[in-house]
Amino acid sequence: AIQNPNDIQLQEKAWNSVCPLVVRLKRFYEFSLRLEKALQSLLESLTCPPYTPTQHLEREQALAKEFAEILHFTLRFDELKMRNPAIQNDFSYYRRTISRNRINNMHLDIENEVNNEMANRMSLFYAEATPMLKTLSNATTSFVSDNKTLPIENTTDCLSTMASVCKVMLETPEYRSRFTSEDTLMFCMRVMVGVIILYDHVHPVGAFCKTSKIDMKGCIKVLKEQPPDSVEGLLNALRYRT
């Protein structure tokens with residue numbers, strides 16, 4: 001359709017293929033906004049006084065599991081997004097087409113669903129290499145800056161404790177032998193990487209300094225011991241998002 005701009009049939013075929021995908025991309029974008037709110041309310045529950053982060057994680061295991069589920073989904077989503085350049089190509093085509101139609105004073109039905117303003121916001125979201133992780137990192141940073149009366153250690157200790165729990169589960173044969181499937185292993189690794197990245201964003205000097213409460217060497221060693229195919233995306237997330 002791009003190569004043959006005068007072929008009306010091709011234009012229609014491409015447009016009809018792209019529109020449902022754009023609606024799906026909008027659903028994911030709106031879901032990221034809901035995740036942002038959910039993550040902040042979970043952080044609030046897992047860091048509020050008078051309990052320590054460890055006491056919170058012991059008392060509110062179901063909330064900690066929800067937090068982990070969000071991180072697992074986020075890293076899985078971003079891994080898939082990174083492998084799929086068609087997402088941005090399709091969306092660029094959509095935006096060019098609605099811009100051209102506006103110049104010609106034409107209004108398409110789908111613009112009621114994804115108008116120009118929404119398309120601009122979605123474009124910024126999908127321009128990120130790891131859009132969901134970026135959303136969660138921003139949400140965590142905002143949470144810390146919006147709650148100035150809450151000691152920052154409450155948040156960083158909660159994240160570092162979760163990272164340590166995951167690392168111990170991955171490196172201890174006794175716990176490792178209880179994993180019934182590869183999915184559980186991947187879940188644990190994604191959560192560990194996710195909390196390290198969030199920790200790195202909110203801690204004043206980051207996760208990689210000597211005073212960090214996360215054993216970064218140990219965490220990376222655990223990842224390096226896995227098959228390269230399954231952890232390449234996670235190691236890249238640590239390289240480029242911290």
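Structure's up top.
Residues numbered from 1 in each chain as written. Predicted model: local features only at pLDDT ≥ 70, side-chain atom pairs only at ≥ 80, totals over all residues. Heavy atoms only, no water.

(A) Fine view of the packing of aromatic side chains. Applying the stated criterion across every chain yields a total of 7 aromatic pairs. Geometrically, the ring pair formed by F31 and F73 is edge-to-face, given 5.4 Å between the ring centres and 85 degrees between the ring planes. Taken as a pair, F31 in helix α1 (residues 8-47) and F73 in helix α3 (residues 61-82) lie far apart in primary sequence, 42 residues in all. Seen in terms of ring centroids, F91 and Y94 are 6.0 Å apart; in terms of plane orientation they differ by 20 degrees. Their pairing is stacked. (Phe/Tyr/Trp six-rings, centres within 6.5 Å; stacked < 30°, edge-to-face > 60°. Helix = DSSP H or I, 4+ residues; strand = E, 2+ residues; numbered from the N terminus.)

(B) Examining helix α9 (residues 182-202) more closely. Over its 21 residues, α9 runs 31 Å from end to end, which matches the ideal 30 Å to within 8%, given 1.5 Å per residue. α9 sits mainly inside the fold: 17 of its 21 residues count as buried. (Expected span 1.5 Å × (residues − 1). Buried < 20%, exposed > 50% of the residue type's maximum accessible area, 1.4 Å probe, protein only.)

(C) Structural detail: the pattern of salt bridges. The tally for this structure, following the rule as stated, stands at 11 salt bridges. Here R121 ties to E117 by a salt bridge, and the two come within 3.0 Å at their closest N and O atoms. Remark: E117 and R121 occur in helix α5 (residues 116-127); sequence separation between them is 4 residues, near one turn of the helix. Relative accessible area serves as the criterion here: at 37%, R121 is assigned to the partly exposed category. What emerges from the salt-bridge pattern is a single network uniting K26, E30 and E113. (Salt bridge = Lys/Arg side-chain N within 4 Å of Asp/Glu carboxyl O.)

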